[in-house]
Amino acid sequence: MEFKNKVAVITGGASGIGRSTAVALAKMGANIVIVDVNRERMAEAQREIEALGRRALTIQCDVAKYDDVTSMAKQAIAFAGGVDILMNNAGVMLRGFVDTLEPADWAWILGINLYGVIHCCRAFLPHMRERGNGYIVNTSSIGGLIGGQPNSIGYSTSKFAVTGFSEVLYKYLKPKGIGVSLLCPGLIRTNLPENFRYVGDDLQALGAIKEIAKEPGVMEPEEVAQMVIDGINKNKFLILTHPARFLTMMERRAKDVQGFLDTQLPTL
Ligand SMILES: NC(=O)c1ccc[n+]([C@@H]2O[C@H](COP(=O)([O-])OP(=O)(O)OC[C@H]3O[C@@H](n4cnc5c(N)ncnc54)[C@H](O)[C@@H]3O)[C@@H](O)[C@H]2O)c1
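Residues numbered from 1 in each chain as written. Predicted model: local features only at pLDDT ≥ 70, side-chain atom pairs only at ≥ 80, totals over all residues.

Q: Please explain the overall build of the protein as it appears in this structure.
A: In terms of regular secondary structure, the protein is built from nine helices and nine strands. For 268 residues, the compact-globule estimate of 2.2 N^0.38 gives 18 Å, and the C-alpha radius of gyration of the protein, at 18 Å, lies within 12% of that figure. Judged by the C-alpha coordinates and their principal axes, the protein covers about 50 × 40 × 35 Å. The buried share of the protein, taken over its 268 residues, is 44%. Within the protein, counting contacts between residues at least 6 apart in sequence, those at least 24 apart form 73% of the total. (Helix = DSSP H or I, 4+ residues; strand = E, 2+ residues; numbered from the N terminus. Rg over C-alpha atoms; globule rule 2.2 N^0.38 Å. Buried ≥ 20, exposed ≤ 12 C-beta atoms within 10 Å, placed from the backbone. Contact = placed C-beta atoms within 7 Å.)

Q: When you look at the nonpolar core in this model, what are you seeing that I'm missing?
A: Grouped burial of nonpolar side chains is what soluble globular proteins tend to show. Core analysis: the biggest nonpolar cluster contains 69 residues, and A8, A22, I32, V33, I34 and V228 have the highest contact counts within it. Broken down by element, the residue count for this core peaks at nine residues, all from helix α4 (residues 103–131). Beyond its immediate chain neighbours, meaning those up to four positions away, V228 contacts T21, V137, L183 and I239. (Core = buried A, V, L, I, M, F, W, Y, C linked by C-beta atoms within 7 Å.)

Q: Is there a simple way to think about the packing of helix α1 (residues 16–27) against helix α2 (residues 39–50) in this case?
A: Think of two packed helices as two axes; the pair is described by the angle between the axes and how far apart they sit. Running from amino to carboxyl end, α1 crosses α2 at an angle of 20°, the nearest separation of the two axes being 9 Å. Classified by the interaxial angle, the pair formed by α1 and α2 is roughly parallel. For the element pair α1 and α2, the recorded crossing hand is right-handed. Here R19, A22, V23 and A26 of α1 come into contact with α2, specifically with A45, E48 and I49. In the contact of α1 with α2, the residues fall into five nonpolar, no polar and two charged. (Axes fitted to C-alpha atoms, helices over the stretch in contact; angles between N-to-C directions. Parallel < 35°, antiparallel > 145°, perpendicular 65-115°, else oblique. Left-handed = near helix turned anticlockwise from the far one by under 90°. Nonpolar A, V, L, I, M, F, W, Y, C, P; charged D, E, K, R; others polar.)

Q: Quick question: what am I supposed to make of the site of the ligand here?
A: Among the 29 residues in the neighbourhood of the ligand, the closest are listed as G12, S15, G16, G91 and T190. No other element matches the three residues that α1 contributes to the shell around the ligand. A class-by-class count of the residues in the shell around the ligand yields 13 nonpolar, 13 polar and three charged. (Near = placed C-beta within 6 Å.)

Q: What is the right way to read the sheet that holds strand β2 (residues 31–36) from this model?
A: The strand order β3-β2-β1-β4-β6-β7-β9 describes an open sheet built from seven strands, whose pairing is parallel. Each end of this open sheet is capped by a strand with a single partner; those strands are β3 (56–60) and β9 (238–240). For this sheet, the mean angle separating the axes of adjacent strands, direction not counted, is 15°. Relative to β2, strand β1 (residues 7–11) runs parallel, the two sharing five bridges. Paired with A8 across the two strands is I32, which belongs to β2. In the packing of helix α3 (residues 66–79) onto the sheet, the strands contacted are β1, β2 and β3, and the crossing angle to β3 comes to about 175°. (Pairing = 2+ DSSP bridges.)

Q: Help me out: how do you make sense of the environment of R253 in this one?
A: Its location among the elements puts R253 in helix α8 (residues 243–255). For R253, a count of 19 C-beta atoms within 10 Å corresponds to the partly exposed category.

Q: Looking at this model, I keep getting lost on the pairing of β3. Mind explaining?
A: Regular strands have side chains that alternate between both faces of the sheet. Most of β3 sits inside the fold, with four of its five residues counted as buried. In this sheet, β3 lies alongside β2 in parallel orientation, the contact comprising five bridges. Paired with V35 across the strands is I59, a residue of β3.

Q: I would appreciate a short explanation of helix α7 (residues 221–234) in the present structure.
A: Given 3.6 residues per turn, any residue in an α-helix points the same way as the ones three and four places further on. In this model, α7 (14 residues) spans 20 Å end to end at C-alpha, consistent with the 20 Å of a helix rising 1.5 Å per residue. Where α7 is concerned, the buried positions are P221, V224, A225, M227, V228, I229, G231 and I232. Looking one or two residues beyond α7, the residue adopting positive phi is N235, at roughly 50°. (Expected span 1.5 Å × (residues − 1).)

Q: Hey, could you run me through α4 in this one?
A: For α4, built from 29 residues, the straight-helix expectation of 42 Å at 1.5 Å per residue is met to within 8% by its first-to-last C-alpha distance of 40 Å. Where α4 bends most, at Y115, the angle is about 45°. A positive backbone phi angle near 75° is found at G132, which sits one or two residues after α4. (Bend = angle between axes of the 7 residues up to and from the residue.)

Q: Explain the packing of α4 against helix α5 (residues 153–173) here, please?
A: The contact between α4 and α5 brings their axes to 9 Å, and the two run at 15°. Our classification of the angle between α4 and α5 gives roughly parallel. Considering only the axes of α4 and α5, their crossing is right-handed. Mapping the contact onto sequence places D105, W106, I109, L110, N113, L114, V117, I118 and C121 in α4 and G154, Y155, S158, K159, A161, V162, F165 and L169 in α5.

Just distances and angles here, no functional claims.
Written out as structure tokens, the structure is:
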């Protein structure tokens, strides 16, 4: 895809993977709509993009709220002649066991991680259909392909749903000239631990999860941004950031899911 003068809408675009992708696309000539709930970080990202000589619009929007999303979509479509790329990337993390999570915790994680994706697709698809082209990138996780630790049930459920949604979306939109990619990152150094909800009293586990992103060797979001651009260019459905590690696990799981569940406890 030629990115010059294209318009990309990126939810969760103020930080981490979304922000790095916004900057990488701007470097290639795209104008960017940053959608997030964090005003300060949106302003920083806007300055970074404008310093590259590209246009940036920031819209404060909670993707879990459909009214916020429809109003955001109107502004984004009016911004610079139409939206070419939609990256549904806003996300949060939840840890807690199934018998401790409350309905409100489920509503929170599914509202942002799953309904955020559904809301934005619903709001932008009529526009893309009308134009007969467009590209959607949905951020799931490796935790949306392989079930993780027992206390990751909320996050994993939300991300598996994004995976299923995206596979079907891909099939539906391909003949209509609209591409779909599913980004499944492994561990990436971002601000995700800030928006972390832990339900239960095992605060030691929370501490361990917060520290893990600081370890050396963790992938930087800039590297993920390049993979996203490459994925869009190649019209590649599955973008895996750590293929060597996870393809083997996925193969084992596909061959014998029960055996895999009984012996394997991936740290996802
Ligand atoms: N960092 C990782 O290791 C990792 C691994 C797998 C998947 N992911 C996924 O990548 C995506 C991006 O996360 P990140 O790691 O860059 O984290 P991040 O926290 O750095 O960025 C996420 C952004 O989403 C925004 N956001 C949160 N709730 C929102 C809402 N309701 N509406 C709009 N914006 C909202 C946050 O303010 C933040 O700016 C998420 O979907 C996450 O689940 C991350």
